Amino acid sequence: MATDAHSGSNERSIDTPLHIEGANHLENVVSDYDVVLVDFFATWCGPCQMLEPVLEGLADETDAVIAKVDVDEHPQLAGAYGVRGVPTLALFADGEQAEQHTGALPAGRLRDLIEGYTE
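What you see is a predicted model, and the numbers here were worked out from it, not measured in a lab.

> Would you mind showing me how to read the pairing of strand β5 (residues 96-102) here?
Sheet faces and side chains relate simply in a regular strand, where the side chains alternate between the two faces. Bridge count between strand β4 (residues 88-93) and β5: 6 bridges; the pairing is antiparallel. Note on β5: the bridge partner recorded for Leu89 is His101. Between β4 and β5, which pair antiparallel in sequence order, lie 2 residues; one of them, Asp94, sits at a positive phi of approximately 55 degrees.

> Just to check I follow, could you spell out the state of the cysteines for this structure?
Here the structure, examined in full by the defined rule, presents 1 disulfide. What pairs with Cys45 in a disulfide is Cys48, and their sulfur atoms sit 2.5 Å apart. Between Cys45 and Cys48, the S-S dihedral sits near 80 degrees, and the bridge is therefore right-handed. A relative accessible area of 4% means that Cys45 is categorised as buried. Given the relative accessible area of 3%, Cys48 is considered buried.

> Where do I start with the pattern of salt bridges in this structure?
A side chain of one charge can pair with a side chain of the opposite charge when the charged atoms of the two come close. Enumeration over the complete set of coordinates arrives at 3 salt bridges. Between Lys68 and Asp39 there is a salt bridge, and its shortest N-O distance comes to 2.5 Å. Of this pair, Lys68 sits in strand β3 (residues 65-70) while Asp39 sits in strand β2 (residues 35-41), and the two are 29 residues apart along the sequence. Note on Lys68: relative accessible area 1%, which makes it buried. For Asp39, a relative accessible area of 0% puts it in the buried group. We note a salt bridge from Lys68 to Glu52, for which the minimum N-O separation is 2.9 Å. In this pair, Lys68 sits in strand β3 while Glu52 sits in helix α2 (residues 46-61), placing the two residues 16 residues apart along the sequence. Its relative accessible area of 24% is what places Glu52 among the partly exposed residues.

> What is the right way to look at a negative patch on the surface in this model?
Together, Asp34, Asp63, Asp94, Glu96 and Glu119 make up a negatively charged patch on the protein surface. As for its placement among the helices and strands, Asp34 is situated in the loop between α1 (23-32) and β2. Residue classification places Asp34 among the partly exposed residues on the basis of a relative accessible area of 36%.

Definitions and cut-offs
Residues numbered from 1 in each chain as written. Predicted model: local features only at pLDDT ≥ 70, side-chain atom pairs only at ≥ 80, totals over all residues. Heavy atoms only, no water. Pairing = 2+ DSSP bridges. Helix = DSSP H or I, 4+ residues; strand = E, 2+ residues; numbered from the N terminus. Disulfide = S-S within 2.5 Å. Buried < 20%, exposed > 50% of the residue type's maximum accessible area, 1.4 Å probe, protein only. Salt bridge = Lys/Arg side-chain N within 4 Å of Asp/Glu carboxyl O. Patch = residues over 30% accessible without salt bridge, like charges linked within 9 Å, V, L, I, M, F, W, Y side chains within 5 Å. Areas by Shrake-Rupley, 256 points an atom, 1.4 Å probe, with all protein chains shown as cover. Lys, Arg positive; Asp, Glu negative; His and termini not counted. Charge placed at Lys NZ, Arg CZ, Asp CG, Glu CD.

Structure below.
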């Protein structure tokens, strides 16, 4: 079950992926937390399904918030971020988008990517 991320404090981390409910929700999460990794995914996408346990582990193990955007439920949000394929991972640091990668990345590479912004 998703955790309510709108705490108003970027001191807390969330140890499970957070499902985004719309553009305002994503904006609030990005502004409330120091580092947010957003997974633009689709339920029918095989690589997205393979990435799911990796992201769950990273949510628990790192200081980043892992946010998930279902591109079928939120196509305009995906379009606003230039998502052309799934999975697409967008990393936000201090409220600004820092990186974006299309395709499933290995756990170690994602961990290194997050730690580059959290340490």
